[in-house]
Amino acid sequence: MPFVDAEAAVRGEYDVVVVGSGAGGGQMAYTLTMSGARVLLLEAGRRYEPAVETAMFQTPEMAPLRGTSTPDKPFGFYDATIDGGWQVPGEPYVQSSTEPGARFDWWRARMLGGRTNHWGRIALRNGPYDFKPRSRDGLGFDWPISYADMAPYYDKVELLIGVYGSNEGLENTPSSPAGCLLPPPKPIVSDLLVKKYSATLGIPTIPFHRAVLTRQLDWQSSPAKLHPGNARAQEIIASDMRSRAPCLWATPCGQGCSIRANYQSPTVHLPPALATGKLDILTDAMVAEVTLAGSGRASGVRFVDKHSGKSMEVAARVIVLAASACETVRILLNSRSAQFPQGLANSSGKVGKYLMDTVGSDLSGQIPLLESLPPHNEEGASFGHMYVPWWEYKNQHAGKLAFARGYHIEFGGGRRMPGAYTAAGLEWLTGGSYGRKLKEDARRYYGSMVYFSGRGEMIPNENSYCEIDPQMKDKWGIPVLRFHWRWSDHETRQAAHMQQTFAAIIESMGGRVQKPPQTDGAKAIAPGGSIIHEVGGAIMGSNSRDSVVNEWCQSWDVENLFLADGAPFPSNADKNPTLTIMANSWRVADHILDRMHRREL
Amino acid sequence: MDRRLTLKWMLAAAATPPLVRGLQLFAATEPQPYGTDPKLLETYHPGDLWSLTFTPLQRRQATVLSDTIIPADATSPSASAVGVVDFIDEWISAPYPTQRADRKTVLEGLAWFDAEATRRFARSMADLDEQQLHSICDDISYVPKAKPEILEAAKFFARYRDLTAGGFYTTPQGRQDLGYVGNIPLPRFDGPPLEVLKKVGLA
């Protein structure tokens, strides 16, 4: 059972249909098939083979326009994303407003593995506060589960995919049990300078957590921890772990990794799932709606086969949507019937509501200490050896800050592969040199820039949501989403705080900011959707009035319908959502397996 | 220099760009984007995807200017010697918004420079000596200090300098000039060497 065509999928007999092959869908397919369930995985994009398609050591002069980003390849020519971006040809969406601050730009990646192929591999756990934010400050929503419920699944995901990092014991910044994390890579010189000078401001700098193998996975002891009592699953994953090479300390993770040293769904989740013989994968299948059986249960999904353009249906006992938060919402809202005229699973009217992204704001500086350094290799794990976790929990809780939730700081520098914008825009440092002087200046300033990116928590609000546009359809005839977006003062003030913090760090290092920090938070904040951390839209909760799914991400209305992407998140902690999507997906998969074994599904 | 172009650049009033005589701003056939699923493992050369733009005269002008911005020195060759003019030609011939805007900037900028050369020295741009080239470049090399009447020319120079630098430092010779030593597999990552730590006061 491997990659199948649409006709074979329609004929197949499956326990579970999973829609979406990224972090949530990949984990779901993995967990279910390793326990013996028969799974059909549907992906809207094309099949993707990282081992033979990844640009690893290609250099910019081999690419069009020296590899620079274009509307076709928004993160550069060699970025792993295929058929993706904030705009996808033939798949429009609608903004409800043209006001600044009121737009949501929706990233899609129509390919096997979705956006896991290009993501930053930043793999942070949510902390205990992050599951109970309302209890802590009265805003937003609590999760119907706690950190203790998720922790065992964080452990498993870290053991399975491989995450480097360290345990520091800082507030709301969880430690992993011994043996879960791989050793962090050594800091580069700019990391060490940021650490030294941030400390003078009371800002902690610690090893980052990223899904990159700094050494081979522990294939001898991890399989038994991942799949206790399941010899076949242990054998498969042990063999797969042995075939993943550790990082070779070169080439950007965002281009993908042909040696499988970092996590992407098609290199980590799907190969062992395929090895079980229980997984069928159908690509180029654009899911339009969940179909219903007479009993009010879901019977399967209807999709458009992109090869033939035909509308087709597949059936299963259980349906799992993991299409990405907004696409999952779109499928639910487009699943209208006499019984569910507002869309499926929407008796609460909450489908599409409480859409969230991450608060983002950036600032760069030039650090004289880093000028004219002796040439040395700084590529490491491509970026992100260290970061700053949110450090102001106490002051914030005491009401001393003008915003309610925190952010972490991703920062970087180094003597990186020169690109089409290397040595560009140096006038603010050089006074406009050209000729031999420009060449000297380029050598002097190369590698002396340091950037800081804040990644902060957005509180869900009533004005940020999506719905089906009454007119527009995509090229497959499927109605599209219309977005509404509004930041609250909590987010814009947080963005302004980021700017002040970054400028303070840069200046403490003896550096210069190119532009003064932006004090107007509404201008400092990146547009909604631009950080590509979309979550919410079908939140989980403890009752059917206020939420779309229960603690198991099971629809309150349709008992065999589950969600496994970011859509059920009732909050969006500053921690990047991917690790939590995977841990939650594994948790939901275990529940589905349990219920199926008890013949309750 | 064309009087209408002079007026436009002096006044920076550019609602509807006037036609510039002898300057073909848009190619006869529209170039096509490479799409959202291009072949990543092929090696591309300028002209492979889009037909190039420069006339032989514009090429000579671009060569002179690129090599004024990045001349050969003891460490590395000049910009044009490593294909930067081909890169700029590829860049301004591409169908994307940034590149379309740069196409106008570069073609109009080279025309301005050539007209300025004629005005000051009664020679075409491609025939100026180094001193003459520098006398024009010095006036337009830094936007904040450019006189209002040549502000647009200074903006052109800033953009052209960035394109030249980007083209140059993305070649093997440019990478070597900067002391870039990555993109090779390593058995382990050791972090900064001691001499680097000493230089920044960390050891």
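Each chain has its residues counted from 1, following the order in which its sequence is written. Whichever chain is written first is A, and whichever ligand is written first is 1; the rest continue in order. Only residues with pLDDT of 70 or above have their local features reported here, since the model is predicted, and side-chain atom pairs are shown and tallied only from 80 upward, although totals for entire chains, interfaces and linings are computed over all residues. Side-chain numbers come from the whole structure's heavy atoms, not from hydrogens or water.

Focus: the overall build of chain A
The number of helices and strands found in chain A is 18 helices and 19 strands. At 24 Å, chain A has a C-alpha radius of gyration in line with the 25 Å of a compact globule built from 601 residues. Residue burial in chain A is summarised as follows: out of 601 residues, 66% are buried. The contact criterion used is simple: two residues touch if any of their non-hydrogen atoms lie within 4.5 Å. In chain A, the proportion of contacts linking residues at least 24 apart, taken out of those at least 6 apart, comes to 73%. Both charge centroids of chain A, one from 61 positive and one from 61 negative side chains, sit 2 Å from each other. Strands here mean DSSP runs of E at least two residues long; helices mean DSSP runs of H or I at least four residues long; both are numbered from the N terminus. Atoms counted for the radius of gyration: C-alpha only. Globule rule: 2.2 Å times the number of residues to the power 0.38. Any residue under 20% of the maximum accessible area for its type is buried, any over 50% is exposed, and the rest in between are partly exposed; the area is computed with a 1.4 Å probe on protein chains only. Under the counting rule used here, the positive set is Lys and Arg, the negative set is Asp and Glu, and His together with the chain ends is not counted. To locate a charge, take NZ of a lysine, CZ of an arginine, CG of an aspartate or CD of a glutamate.

A word on the packing of helix α3 (residues 84-93) of chain B against helix α6 (residues 151-169) of chain B
All names here are of chain B. In the contact formed by α3 and α6, the axes pass within 9 Å of each other and the chain directions differ by 120°. In this view, α3 runs oblique relative to α6, as classed from their interaxial angle. The two elements α3 and α6 cross, and the hand of that crossing is right-handed. On the side of α3, the interface is formed by Val84, Phe87, Ile88 and Trp91, while α6 contributes Arg159, Tyr160, Leu163, Thr164, Gly166, Gly167 and Phe168. Nonpolar residues are Ala, Val, Leu, Ile, Met, Phe, Trp, Tyr, Cys and Pro. Charged residues are Asp, Glu, Lys and Arg, and all others, Gly as well, are polar. Split into classes, the residues belonging to the contact of α3 with α6 amount to seven nonpolar, three polar and one charged. Angles shown run from 0 to 180 degrees and are taken between the N-to-C directions of axes, each axis being a line fitted to C-alpha atoms and, for helices, limited to the stretch in contact. In this scheme, roughly parallel covers angles under 35 degrees and roughly antiparallel covers those over 145, while 65 to 115 is roughly perpendicular and the rest are oblique. Working rule for handedness: look at the near helix, and if it is turned counterclockwise from the far one by less than a right angle, call the crossing left-handed; if clockwise, right-handed.

A closer look at the pairing of strand β15 (residues 449-456) of chain A
All names here are of chain A. Where burial is concerned, most of β15 is hidden: six out of the eight residues are buried. What makes two strands pair is DSSP finding at least two bridges between them. Here eight bridges tie strand β12 (residues 359-366) to β15, and the two strands are oriented antiparallel to one another. By the bridge assignment, Gly365 is partnered in β15 with Val450. As defined by bridge partners, strand β14 (residues 407-413) adjoins β15 across seven bridges and the pair is classed as antiparallel. Note on β15: the bridge partner recorded for Ile409 is Gly454.

Digging into the sheet that holds strand β9 (residues 298-305) of chain A
Residue and element names in this part refer to chain A. Overall, antiparallel pairing links the three strands, which are arranged β8-β9-β10 in an open sheet. Of all strands in the sheet, those bounded by a partner on one side alone are β8 (285-292) and β10 (311-315). The sheet shows a mean angle of 30° between the axes of neighbouring strands, taken without regard to direction.

Quick notes on the packing of helix α15 (residues 436-445) of chain A against α6 of chain B
Viewed as axis vectors pointing N to C, α15 of chain A and α6 of chain B meet at an angle of 60°, and their least axial separation amounts to 12 Å. The angle between α15 of chain A and α6 of chain B places the two elements in the oblique class. α6 of chain B is crossed by α15 of chain A, and the crossing has right-handed handedness. Residue-level inspection shows Leu438, Lys439 and Ala442 of chain A of α15 of chain A in contact with α6 of chain B, the latter providing Arg161, Phe168 and Tyr169 of chain B. Classifying every residue of the contact of α15 of chain A with α6 of chain B gives four nonpolar, no polar and two charged.

Section: the confidence of the model for chain B
All names here are of chain B. pLDDT measures the predictor's confidence residue by residue and takes values from 0 up to 100. Taken over all residues, the pLDDT of chain B has a mean of 90, while the share at 70 or more is 86%. Note on residues 1-21: pLDDT is under 50 here. Beyond four places in sequence and across chains, it has 24 contacts. Prediction confidence for the complex, expressed as pTM and ipTM, is 0.95 and 0.95 respectively.

A word on the interface of chain B and chain A
The partner chain A presents 74 residues to the 76 residues of chain B that form the contact. Buried area is understood as the total, over both parts, of accessible area removed when two parts are fitted together, assessed with a 1.4 Å probe. It is Thr36, Leu40 and Phe189 of chain B that lose the most area in chain B upon contact with chain A, and together they represent 13% of the buried surface on that side. Each polar contact in these results corresponds to two N or O atoms within 3.5 Å; when the atoms are within protein, one needs to be able to donate a hydrogen and the other to accept it, and residues that are neighboring in sequence are counted only if both atoms are side-chain atoms. Counting across the chain B and chain A interface gives 33 residue pairs in polar contact (both at pLDDT 80 or more). Of all the elements in the fold, those that place two or more residues in the side of chain B that touches chain A are α2 (56-69), α3, α4 (97-121), α5 (130-140), α6, α7 (172-178) and α8 (194-199) of chain B. A per-element tally of the side of chain B that touches chain A places α6 of chain B first, with ten residues.

Here we look at the nonpolar core
Leu32, Leu42, Ile161, Phe452 and Ile592 of chain A are the most contacted members of the largest nonpolar core, which totals 166 residues. Among the elements that take part in this core, helix α18 (residues 578-597) of chain A stands out by supplying ten residues, more than any other. Definition used in this section: a nonpolar core is a set of buried Ala, Val, Leu, Ile, Met, Phe, Trp, Tyr and Cys residues joined via side-chain atoms within 4.5 Å. Phe113, Met125, Cys137 and Ala146 of chain B belong to the second-largest nonpolar core, a separate cluster that totals 59 residues.

Here we look at the sheet that holds strand β6 (residues 206-207) of chain A
Residues and elements named next belong to chain A. Pairing within the open sheet is antiparallel, and its six strands lie in the order β6-β13-β14-β15-β12-β18. The open sheet is flanked by β6 and β18 (512-513), the only strands paired with a single partner. Each of β12, β14, β15 and β18 touches helix α16 (residues 489-508); the most contacted strand, β12, lies at about 20° to it.

Here's the deal with the packing of aromatic side chains
Residues and elements named next belong to chain A. To pair, rings of Phe, Tyr and Trp, with the six-membered ring standing in for Trp, must have centres within 6.5 Å; the planes then decide the type, stacked if under 30 degrees apart, edge-to-face if over 60, and tilted in the middle. Summed over all chains, the structure comprises 37 aromatic pairs over all chains. Between Phe77 and Tyr78, the ring centres sit 5.4 Å apart and the planes meet at 70°, which makes this aromatic pair edge-to-face. On the basis of relative accessible area, Phe77 is assigned to the buried category, the value being 0%. The class of Tyr78 is buried, set by a relative accessible area of 6%. Judged by centre distance (5.9 Å) and plane angle (35°), the ring pair of Phe411 and Phe452 falls under tilted.

Some points on unusual backbone geometry
Residues and elements named next belong to chain A. Its identity as a non-glycine residue notwithstanding, Asp284 has a phi of 55°, on the positive side. With respect to the helices, strands and loops of the structure, Asp284 is situated in the loop between β7 (279-282) and β8. One non-glycine residue, Cys553, lies in the positive phi region at around 60°. Tracing the backbone shows Cys553 in the loop between α17 (521-524) and β19 (561-563).

Here we look at the side chain of Asp240 of chain A
With respect to the helices and strands, Asp240 of chain A occurs in helix α9 (residues 231-242). Discounting chain neighbours no more than four positions away, the residues touching Asp240 of chain A are Arg260, Val268, Pro271 and Pro272 of chain A.

A word on helix α2 (residues 23-34) of chain A
For an α-helix, the turn length of 3.6 residues means that residues three or four places apart are oriented alike. Residues and elements named next belong to chain A. What a helix is expected to span follows from its residue count: subtract one and scale by 1.5 Å. Taking 1.5 Å per residue, twelve residues should reach 16 Å; α2 reaches 16 Å between its end C-alpha atoms and fits that length. Among the twelve residues that make up α2, twelve are buried, leaving the element largely enclosed by the rest of the structure. With its phi angle positive at about 100°, Gly36 sits one or two positions after the end of α2.

Some remarks on the pattern of salt bridges
For salt bridges, the criterion is a side-chain nitrogen of Lys or Arg within 4 Å of an Asp or Glu carboxyl oxygen. Counted by the stated rule, this structure contains 49 salt bridges over all chains. Between Arg482 of chain A and Glu467 of chain A there is a salt bridge; the shortest N-O distance is 2.9 Å. Residue Arg482 of chain A is located in strand β17 (residues 479-484), and its partner Glu467 of chain A is located in strand β16 (residues 465-473); the two are separated by 15 residues in the primary sequence. Arg59 of chain B is paired through a salt bridge with Asp86 of chain B; the nearest N and O atoms lie 2.7 Å apart. Highlighted residues: Arg59 of chain B in helix α2 and Asp86 of chain B in helix α3, separated in sequence by 27 residues.

Things to note about the environment of Val106 of chain B
Residues and elements named next belong to chain B. If you trace the backbone, Val106 turns up in helix α4. A residue is classified by how much of its surface remains accessible, and Val106, at 0% relative accessible area, is buried. Between the C-alpha atoms of Val106 and Pro193, which are 87 residues apart in sequence, the distance is 43 Å. Those residues in contact with Val106 that lie beyond four places of it in its chain are Phe54, Ile92, Phe156, Tyr160 and Leu163.

Quick look at the pairing of β12 of chain A
Residues and elements named next belong to chain A. Among the eight residues that make up β12, six are buried, leaving the element largely enclosed by the rest of the structure. The sheet contact formed by β12 and β18 spans two bridges and is antiparallel. Paired with Gln366 across the two strands is Arg512, which belongs to β18.

Some remarks on the environment of Asp594 of chain A
All names here are of chain A. As for its position among the elements, Asp594 is in helix α18. On the basis of relative accessibility, which here comes to 35%, the residue Asp594 falls in the partly exposed class. Separated by 118 residues in the primary sequence, Asp594 and Trp476 have C-alpha atoms spaced 37 Å apart.

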